[in-house]
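One letter stands for each residue in the lines below.
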Amino acid sequence: MSDTIELIRRQVADLHRELVRYRLVVWTAGNVSARVPGEDLLVIKPSGVAYDELTPRNMILCDLDGNVVEGDHAPSSDTAAHAHVYRHRPDVGGVVHTHSTYASAWAARGEAVPCVLTAMADEFGAEIPVGPFALIGDDSIGRGIVETLDGHRSPAVLMRNHGVFTIGKDAEAAVKAAVMCEDVARTVHLARQLGEVQPLPADDIDRLNFRYRNVYGQRPAAQ
Ligand SMILES: [Zn+2]
């Protein structure tokens, strides 16, 4: 049990470096969390600690109501939102939040990123939807994430006037979705500067998304 928690602490600390590497965060904004498999626990970034100072040791272990179980700092101020997602989505093992520039610009306009690129059909399988405006402090952000992504193929939601939340089967998948979300938000923004973007037909989006989920990538050799 403690070995599993140690592993998750290390994964979550390491994945925060990816947010910096892909320029999705500034100062102490943004956070990654992971569910502890098989337990009603999550590991999340401490509040207000610089990215350079994040270590496995100072990650915070919380229960799924957001209460601290183990940790010397306060947990991220977004912990209630992450905890709400884990309570309502047993399939989710990782949650990421950023204010990445291009995606947040779409959120500021309250506009979904239309699915106009094959890479978007692959990773998101749809437009990247907009969730409600919600103030930090209770679980209204978490409710907005869960309600917007319910029945939606996208692992990313643009919370209105705020930023991006992504979900994944684990924390790495949620970080990947956050990286891809910013990348396509940027590309579609640039395309818009020069004219209209061309939507992808719905059945092509379905085909691309199915292939990406089921066929693409390295697969173990047949026995
Ligand atoms: Zn935020």
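Structure shown above.
Below is a summary of the structure that appears in this document. (Residues numbered from 1 in each chain as written. Predicted model: local features only at pLDDT ≥ 70, side-chain atom pairs only at ≥ 80, totals over all residues. Heavy atoms only, no water.)

**A closer look at the layout of surface pockets**
1) Next: Approximately 550 Å³ is the volume found for the largest pocket.
2) Next: The wall of the largest pocket is formed by 21 residues, among which E123, P155, G168, K169 and A173 lie closest to the centre.
3) Next: Elements that contribute at least two residues to the lining of the largest pocket include exactly α4 (118-123), β8 (163-168), α6 (171-194) and α7 (202-214).
4) Next: When residues in the lining of the largest pocket are grouped by element, the largest group, four residues, is from α6.
5) Next: Residues belonging to the lining of the largest pocket are distributed by class as follows: seven nonpolar, four polar and ten charged.
6) Next: Estimated volume of the second largest pocket: approximately 200 Å³.
7) Next: In this structure, the second largest pocket is lined by I8, Q11, L15, A34, R35, P37, G93, K169, D170, A171 and E172.
8) Next: For the lining of the second largest pocket, the elements supplying multiple residues, two or more each, are α1 (2-21), β1 (31-35) and α6.
9) Next: Here the lining of the second largest pocket gets three residues from one element, more than from any other, and that element is α1. (1 Å grid on protein atoms, 1.4 Å probe; cavity = no way out; pocket = protein on both sides within 12 Å on 5 of 7 lines; lining within 4 Å. Points joined across faces, edges and corners; volume = space filled by probe spheres on them. Helix = DSSP H or I, 4+ residues; strand = E, 2+ residues; numbered from the N terminus. Nonpolar A, V, L, I, M, F, W, Y, C, P; charged D, E, K, R; others polar.)

**Thoughts on the coordination of the zinc ion**
Metal coordination angles have textbook ideals: 109.5 degrees for a tetrahedral set of four donors and 90 or 180 degrees for an octahedral set of six.
1) Next: Around the zinc ion, the protein contributes the donor atoms H97 (NE2), H99 (NE2) and H162 (NE2), at 2.0 to 2.1 Å from the metal centre.
2) Next: Within one chain, the residues serving as donors to the zinc ion are arranged as H-x1-H-x62-H. Taken together, the positions of H99 in the loop between β5 (94-98) and α3 (101-109) and H162 in the loop between β7 (156-159) and β8 put the pair 63 residues apart, joining distant regions of the chain. (Donors = N, O, S within 2.8 Å, 3.2 Å for Na, K, Ca; no water.)

**Examining empty space enclosed by the protein**
1) Next: On inspection of all chains with the given rule, the structure shows one cavity of 30 Å³ or more.
2) Next: Each pocket or cavity is described by its volume, and for the largest cavity that value is around 30 Å³.
3) Next: Around the largest cavity sit S77, D78, A80, A81, I136, G137, D138 and I141, which together line it.
4) Next: The class makeup of the residues in the lining of the largest cavity is four nonpolar, two polar and two charged.

**Description of the sheet that holds strand β3 (residues 60-63)**
1) Next: One open sheet holds the eight strands; their spatial order is β4-β3-β2-β1-β5-β8-β7-β6, and the pairing between them is mixed. The open sheet has two free edges, formed respectively by β4 (68-70) and β6 (130-131), since each of these has just one partner strand.
2) Next: Two elements, β3 and β4, share two bridges in a ladder whose sense is antiparallel. Looking at the pairing, L61 lines up with E70 of β4.
3) Next: Of the strands in this sheet, β6, β7 and β8 are in contact with helix α5 (residues 140-149), which crosses β7 at around 130°. (Pairing = 2+ DSSP bridges. Contact = heavy atoms within 4.5 Å. Axes fitted to C-alpha atoms, helices over the stretch in contact; angles between N-to-C directions.)

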